[in-house]
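What the coordinates show
One-letter residues, chain by chain:
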Amino acid sequence: MRFSDLDQRLAALGAQPAHRGRILRVWLSGQALDSGSRKDFENFLPLAVRHALPALAAELDGLARIHSEHPGDDGKRLLVALADGQMVESVLLPRDALCVSTQVGCAVGCRFCMTGKSGLIRQVTSMEILAQVVLARRQRAVKKVVFMGMGEPAHNLDNVLEAIDLLGTQGNIGYKNLVFSTVGDRRVFDALPRQRVKPALALSLHTTKADLREHLLPRAPRISPEELIELGERYARDTGYPIQYQWTLLKGINDGDDELDAILSLLKGKYCVLNVIPFNSLEGDDYERPDAGRIQEIVRYLHGRGLLTKVRNSAGQDVEGGCGQLRSRVVGTEQVIELRRSRAAAQ
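Here goes a summary of the coordinates provided. If you're wondering where the values come from, they're calculated on a predicted model, not measured in any experiment.

Here we come to the pattern of salt bridges. Enumeration according to the criterion identifies 19 salt bridges in this entry. The residue Lys76 makes a salt bridge to Glu69 at a minimum N-O spacing of 3.0 Å. Exposure remark for Lys76: the relative accessible area of 23% places this residue in the partly exposed category. For Asp257, the salt bridge is made with Arg294, and the minimal N-O distance between the two is 3.1 Å. On the criterion of sequence distance, the pair formed by Asp257 in helix H10 (residues 257–267) and Arg294 in helix H11 (residues 292–304) is long-range, its members being 37 residues apart. If you follow the salt bridges from partner to partner, you end up with Asp84, Arg122 and Glu128 in one network.

In structure tokens form, the structure reads like this:
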């Protein structure tokens with residue numbers, strides 16, 4: 001289901017734009033579709049629409065359901081089952097934020113990410129993205145949504161942009177509190193400035209060295225760090241939102257003084273913040289996270305030279321729930337890879 005499917009079905013039942021808008025807003029808030037006073041409900045919605053609401057509510061509830069919950073020190077990670085049995089992950093983060101997934105699996109294949117090990121299984125529809133927000137709002141307030149979960153949003157652009165538009169116009173979330181996270185794709189920098197709702201942007205940088213970045217992100221678009229930062233700066237100045245540059249710290253790989261000096265040079269004068277993310281060592285055995293002392297030293301060095309730098313741990317590490325890990329334990333990475341191969345062979 002995409003939003004256009006829901007909208008057309010309601011229109012066919014005689015729902016006018018005001019009726020359809022109310023139903024969408026009520027659903028996105030996490031409430032029952034028939035919420036509100038009985039008198040207002042009966043007076044406002046056409047009879048055919050009221051009769052159809054129970055079946056519609058059941059169908060919307062079927063888009064996504066919580067398979068399991070994993071509370072941690074930094075929030076709660078949700079393993080979410082979609083209607084076809086595929087699994088994605090959402091994370092309830094501090095300060096009323098929510099991280100949602102945009103794909104089942106991911107095609108980029110970042111070497112330090114569990115999600116990338118399975119490859120891309122399928123896209124997540126706009127309504128399935130919104131359903132993750134609805135599930136979260138049934139547990140607590142959600143005032144910020146970051147598209148940083150499983151998947152590469154740029155590879156599912158239409159669905160992600162539709163979800164962002166609806167959250168910004170009907171879901172009561174401020175535009176700058178919608179954060180589009182990407183490894184960098186020129187289509188993103190073409191599409192986002194033309195949107196009615198322009199989200200904040202997070203760019204996965206990880207290194208200043210083009211060859212190393214190509215190795216770490218083997219199937220990301222070939223954009224040099226310099227060009228990526230220039231594209232980001234243009235968008236930051238256009239929207240008035242600072243770019244969040246993401247840097248997963250890998251011991252002995254991208255945590256050296258040469259990298260620190262290079263990133264200071266590249267980001268000098270730029271409208272941005274650098275998020276350093278210590279590697280989640282539970283996601284694989286090829287890399288290690290730097291020692292705590294080195295992480296603190298890196299932050300002090302960069303911050304002391306004028307670059308706003310923050311440490312962002314991958315949520316869920318204390319429950320072995322870094323992005324993709326919960327799903328892999330339930331589904332099994334080998335099973336996912338086999339499914340992907342079987343689908344490819346059938347095409």
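Turning our eyes to something else, we now look at the pairing of strand E8 (residues 178–182). Of all the five residues making up E8, five are buried; the element is thus mostly covered by neighbouring parts of the structure. Residues Leu178, Phe180 and Thr182 of E8 are buried on one face, and the alternating residues Val179 and Ser181, pointing to the opposite face, are buried as well. Relative to E8, strand E7 (residues 144–147) runs parallel, the two being bridged by three bridges. Across the sheet, residue Val146 finds its bridge partner in E8, namely Val179. Note on the crossover from E7 through helix H6 (residues 157–169) to E8: the handedness is right-handed. Following the backbone out of E8, through helix H7 (residues 186–191) and into the adjacent parallel strand E9 (residues 200–204), one traces a crossover that is right-handed.

This part is about the side chain of Arg294. The buried category is assigned to Arg294, whose relative accessible area is 18%. When residues no more than four places from it in sequence are discounted, the contact partners of Arg294 are Asp255, Gly256, Asp257 and Leu260.

Judged by nonpolar contacts, the single largest core of 80 residues is most densely connected at Trp27, Val145, Phe147, Leu167, Leu201 and Tyr245. With eight residues, the top contributor of residues to this core is helix H5 (residues 126–137). Sequence-distant contacts of Val145, that is, excluding residues within four places in its chain, are made with Leu98, Val100, Val133, Leu167, Ile173, Asn177, Leu178 and Val179. Among the nonpolar cores identified, the runner-up in size contains 13 residues, and Cys106, Val183, Leu216 and Tyr287 belong to it.

How each quantity is defined
Residues numbered from 1 in each chain as written. Predicted model: local features only at pLDDT ≥ 70, side-chain atom pairs only at ≥ 80, totals over all residues. Heavy atoms only, no water. Salt bridge = Lys/Arg side-chain N within 4 Å of Asp/Glu carboxyl O. Buried < 20%, exposed > 50% of the residue type's maximum accessible area, 1.4 Å probe, protein only. Helix = DSSP H or I, 4+ residues; strand = E, 2+ residues; numbered from the N terminus. Pairing = 2+ DSSP bridges. Right-handed = clockwise from strand over helix to strand, strands pointing away. Contact = heavy atoms within 4.5 Å. Core = buried A, V, L, I, M, F, W, Y, C linked by side-chain atoms within 4.5 Å.

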